[in-house]
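Residue-level structure breakdown
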Amino acid sequence: MTDTPRDTVSSGGETHQSAGGERPQLTTQQGVPVADDQNSLRQGSRGPTLMEDFHFREKIFHFDHERIPERVVHARGYAAHGYFETYDSLSDLTSADIFQRKGEKTPAFVRFSTVAGNKGSGDLARDVRGFAVKLYTQEGNWDIVGNNIPVFFIQDAIKFPDLIHSAKAEPDRDFPQAQTAHDNFWDFISLTPEAVNMVMWTMSDRAIPRSFRFMEGFGVHTFRLINAKGKSSFIKIHWKPKQGLQSVTWPEAVAINGADPDFHRRDLWNAINSGDFPEWEMGLQVFDEDFADSFDFDVLDPTKIIPEELVPVQIVGRLVLDRMPDNFFAETEQVAFQTGNIVPGVDFSNDPLLQGRNFSYLDTQLKRLGGPNFNHIPINAPKCPFHHFQQDGHMAMHNPKGRANYEPNSWPGAEGGPREDPETGFKSYPAEETGPKQRVRSETFADHYSQARQFFVSQTKVEQDHIVDALVFELSKVERPDIRTRMLGHLIHVHDDLANGVADGLGMDLPDAPTPAREPITDLPASDALSILKNGPDSFKGRKLGILLSDGVSAAEVEAVKDAVTKAGGICAVVAPKIGGAKADDGSNIPADEKVDGGPSVLFDAVAILTSDDGAKMLAGMHPAKSWVADAFAHCKFILFNDASQPLLKAAGLPDDPDDGMMKMTKTAPGKFVKACGALRYWDRVA
Ligand code: HDD
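With an unreviewed UniProt entry as reference, the chain is termed Catalase, source organism Pseudooceanicola sediminis. Quoted verbatim from the Cofactor (unreviewed entry) field of UniProt, the annotation for the chain is "heme". Recorded in UniProt under Sequence similarities (unreviewed entry), the annotation for the chain is "Belongs to the catalase family. HPII subfamily."

Right under this line is the structure:
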């Protein structure tokens, strides 16, 4: 129904107008006008319901079948429409139509998701985020089904069911929901050393992004681009957010899941609907066979990155999200991504994970969407012309017209239907493949620790501490000590500080390190691109300030703060003891967006505390207000406060001497404060 106006709820003809107004008449699915939708048809006023009530039967029948199976992974997701704009022609690299013309815009649909949780789980689970992009190019749909982490847990698709079974709720008890902090996950991981690199990423703050808008995306696998002369280049695909990277901390994630489990959805919805369109630049790392042969790792191994310092990321275009779907189910739920959806000029590599995915994504849609015609659903259909002889099946909407539904055929001209085009049609790169049939893992995939170490040493101290804390948290939820011990063994190969920190946090001794499949390289250079904090924004644009205020607050102060934030492209939310708002000193009412206990400070990027003398005393006696302030401080937020608010700050346990992350309200303070907030956190508070 995506392409039809919502109020018609059918593609058929005109809408009936009801007698008095502009609202269309309610009808059955058959278009029969409905006189009474409040009462089923019954015999007498208290008698049995009659089987002949076709309207009742149709309505309940349809309701009974509203649900479809949720995705087996990535069940919880949120999507938006937008476009991809090509910066420059890449015709020397690829014949892909999307890259031929500078400035061309290609429609796009992007779905973000968590992996392990059910459809109704919280947005702030510690988890990988899916970053799936459908590009409706003029030569077919190209799906880049990636994640916000550039590596994966496993090297071979045959292990995917085991990985996912271990990560999801345990089968006998059906918990825990949407978390990896349990025995089965760490049992599997500790027996699968190839996962150790990805575990560094999932235990980092990458797995608890502040917003979908503030995270990177990656195609993960090596793909090929093929130019018109048939020359192949290898690529890795990156999506770099123009908004900069940002994550929350783990205590915040836990609190946000309670205060607003839809935090990421709401954020995207609000940003796009208010005209603040998020953008990512597409970057390509382009390399050839010679580089692949000389690289320390196998470019077909999806548990490894190619550091940007070795192969720079070339920016080739931008992806802008500017429109929310009209209907969640029709678009976000029914969209079917497939790694197999590629276009002429693009090709797969032999990465064994990618090869397996190419089977799984097509197959899974049959179960989820109920038949082979899911590409007839508007969100999945190409936007370029398409013609083929595939026909029939459940819900067929586009059957071939005319007599010919096969080829070759000898029906003349258009009557004969479409024909293949050897010139411009999709051609696989004619790579030479030889070797015996065998079930083996290449020796070149055997180094499991070197890049995990590289990731760890690339982080700032604060980020390293968060990785240690996350591992301690997760492993503390593991009941069997032998699993924890086995995991500690792997960490010894990653880094001494990490292994010692986690062992100390668990109160356990370090075991002997396991024998690695291949001796790790211990001197890979740090890469700044791997740190979130080194790639943050440089302004408060797109961020949110929470202003806690009380009755009697200076209206001028509140206005000045709001002004400064709006000028920087940020937004403000007013938090007050009552949702009706606060009476300012000039008699005006300042409306509240949140009541103080319903809008904890974890929901904001920075905070301002503006009260009157009496207001501060009143808030100092309210537990939620004290926690609001204490949490903002503990989570290293920048804090702007006025003189009057000091009793509240004191009651919340803040130090008498404000640190450099705290600023006192003056006439010029708002501008300076918002500038400082561009750094997002005052980490020195915990350093
Ligand atoms: Fe997958 C969904 C990303 C490995 C099998 N995957 C899915 C989605 C994303 C990814 C973003 C959600 C798409 C959407 O929004 O609808 N998956 C990845 C990445 C992987 C990966 C980046 C490794 C590099 N996946 C992977 C393997 C297999 C699958 C190895 C199976 C062998 N993935 C699926 C699936 C899903 C899916 C079962 C569930 C729903 C769907 O496909 O449409 O086929």
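From this point on, the discussion continues.
Now for the packing of aromatic side chains. Under the counting rule described, the total for this entry stands at 21 aromatic pairs. Relative to F291, the ring of F287 has its centre 5.4 Å away and its plane inclined at 65 degrees; by these criteria the two rings are edge-to-face. On the basis of relative accessible area, F287 is assigned to the buried category, the value being 4%. Judged by relative accessible area, F291 falls into the buried class, the value being 17%. Look at F604 and W628: their rings are 6.2 Å apart centre to centre, the planes differ by 45 degrees, and that puts the pair in the tilted class. Here the residue F604 occupies a position in the loop between β15 (594–595) and β16 (606–610), and W628 occupies one in helix α16 (residues 623–634), the gap between them amounting to 24 residues. Judged by relative accessible area, which is 1%, W628 ranks as buried.

What follows covers the side chain of Q365. For Q365, the location among the structural elements is in helix α9 (residues 352–369). Residues in contact with Q365, not counting those within four places in the same chain, are A336, F337, G370 and F374.

Formed by 48 residues in total, the largest nonpolar core has its most connected members in F153, W186, I189, L471, L498 and V502. Those elements that provide at least two residues to this core are α2 (160–167), α3 (183–190), α4 (196–202), α10 (450–457), α11 (461–476), α12 (481–494) and α13 (496–506). Among the elements that take part in this core, α11 stands out by supplying 6 residues, more than any other. Once you skip the residues sitting within four places of it in the chain, V502 turns out to touch V468, L471, V472, L475, L488 and L491. Ranked by size, the runner-up nonpolar core spans 36 residues in total, among them I98, I237, L319 and M324.

On to the pairing of strand β7 (residues 232–241), then. A regular strand places its side chains so that they alternate between the two faces of the sheet. The buried count for β7 comes to 9 of 10 residues, which makes it a mostly enclosed element. As paired elements, strand β5 (residues 217–218) and β7 share 2 bridges and run antiparallel to each other. In the strand pairing of β7, F218 is matched with H238. As judged from the 4 bridges shared by strand β6 (residues 223–226) and β7, these two strands associate in the antiparallel manner. Looking across to β7, one finds that L225 is bridged to S233. Taking the residues that link successive antiparallel strands as the turn, the β6-β7 hairpin has 5 residues, and the phi of G230 there is positive, at about 90 degrees. Taken together, the 8 bridges between β7 and strand β8 (residues 279–287) define a ladder with antiparallel strand orientation. Bridging across to β8, I235 finds its partner in V286.

Taken in spatial order, the 6 strands make up an open sheet running β15-β12-β11-β16-β17-β18, and their pairing is parallel. Edge positions in the open sheet fall to β15 and β18 (662–664), since each of these has one partner strand only. Note: β16 against strand β17 (residues 639–641), 3 bridges, orientation parallel. Directly across from I609, in β17, lies its bridge partner F641.

With that out of the way, let us pick up empty space enclosed by the protein. A full pass over the atoms with the stated rule returns 6 cavities of 30 Å³ or more. For the largest cavity, the lining is made up of 18 residues, of which P150, F218, H238, Q285 and I305 are closest to its centre. Counting residues per element, the lining of the largest cavity draws most heavily on β7, which supplies 3 residues. Residue composition of the lining of the largest cavity, grouped by class: 10 nonpolar, 3 polar and 5 charged.

Estimated volume of the second largest pocket: approximately 1100 Å³. The wall of the second largest pocket is formed by 32 residues, among which P382, F386, H387, H388 and Q390 lie closest to the centre. A per-class count over the lining of the second largest pocket returns 11 nonpolar, 15 polar and 6 charged.

Just one protein atom coordinates the iron atom of the ligand, and that atom is Y361 (OH), at 1.8 Å. By the secondary structure assignment, Y361 is in helix α9.

Considered for burial, the residues of helix α15 (residues 613–620) that qualify are G615, A616, L619 and A620. The buried side chains of α15 occupy one side of the element, clustering within an arc of 135 degrees when seen end-on. In α15, those exposed residues whose orientation departs by more than 90 degrees from the buried face are D613, D614 and K617. Considering only its buried residues, α15 is in contact with β11 (544–549), α16 and α17 (646–651).

Turning our attention to the packing of α3 against α12. Look at α3 against α12: their axes get within 9 Å of each other, and the N-to-C directions meet at 40 degrees. By the angle between their axes, α3 is oblique relative to α12. Crossing geometry of α3 relative to α12 is assigned as left-handed. Across the interface between the two elements, D183, W186, D187, I189 and S190 from α3 touch I483, R486, M487 and H490 from α12. Residue composition of the contact of α3 with α12, grouped by class: 4 nonpolar, 2 polar and 3 charged.

What follows concerns the side chain of Q155. Checked against the element boundaries, Q155 lands in the loop between β4 (140–147) and α2. Assessed through its relative accessible area of 1%, Q155 is described here as buried. Once residues within four sequence positions are removed from consideration, Q155 is found in contact with E194, D301, P302, T303, K304, D351, P352, L353, R441, F445 and H448.

Our focus in this paragraph is α16. Taking 1.5 Å per residue as the helical rise, α16 with its 12 residues ought to reach 16 Å, and the 16 Å between its terminal C-alpha atoms agrees with that figure. Within α16, burial applies to A625, W628, V629, A632 and F633. Buried positions in α16, seen along its axis, are confined to an arc of 125 degrees and lie on one side of it. Positive backbone phi, approximately 65 degrees, marks C636, located one or two places after α16.

Once that is clear, we can look at unusual backbone geometry. A cis amide bond links F175 with the next residue in sequence, P176, at an omega value of 0 degrees. The peptide bond linking E407 to P408 adopts the cis configuration, its omega dihedral lying at 10 degrees. Relative to the helices and strands, P408 resides in the loop between α9 and α10. Positive phi, normally seen in glycine, also occurs at H74, with a value near 60 degrees. Locating H74 in the fold gives a position in the loop between α1 (54–64) and β1 (77–86). Although it is not a glycine, M395 adopts a positive phi angle of roughly 60 degrees. With respect to the element layout, M395 can be found in the loop between α9 and α10.

Reading the values: rules and limits
Residues numbered from 1 in each chain as written. Predicted model: local features only at pLDDT ≥ 70, side-chain atom pairs only at ≥ 80, totals over all residues. Heavy atoms only, no water. UniProt positions renumbered as here; feature names shortened; annotations may be inferred. Phe/Tyr/Trp six-rings, centres within 6.5 Å; stacked < 30°, edge-to-face > 60°. Buried < 20%, exposed > 50% of the residue type's maximum accessible area, 1.4 Å probe, protein only. Helix = DSSP H or I, 4+ residues; strand = E, 2+ residues; numbered from the N terminus. Contact = heavy atoms within 4.5 Å. Core = buried A, V, L, I, M, F, W, Y, C linked by side-chain atoms within 4.5 Å. Pairing = 2+ DSSP bridges. 1 Å grid on protein atoms, 1.4 Å probe; cavity = no way out; pocket = protein on both sides within 12 Å on 5 of 7 lines; lining within 4 Å. Points joined across faces, edges and corners; volume = space filled by probe spheres on them. Nonpolar A, V, L, I, M, F, W, Y, C, P; charged D, E, K, R; others polar. Donors = N, O, S within 2.8 Å, 3.2 Å for Na, K, Ca; no water. Arc of directions from axis to C-beta. Axes fitted to C-alpha atoms, helices over the stretch in contact; angles between N-to-C directions. Parallel < 35°, antiparallel > 145°, perpendicular 65-115°, else oblique. Left-handed = near helix turned anticlockwise from the far one by under 90°. Expected span 1.5 Å × (residues − 1).

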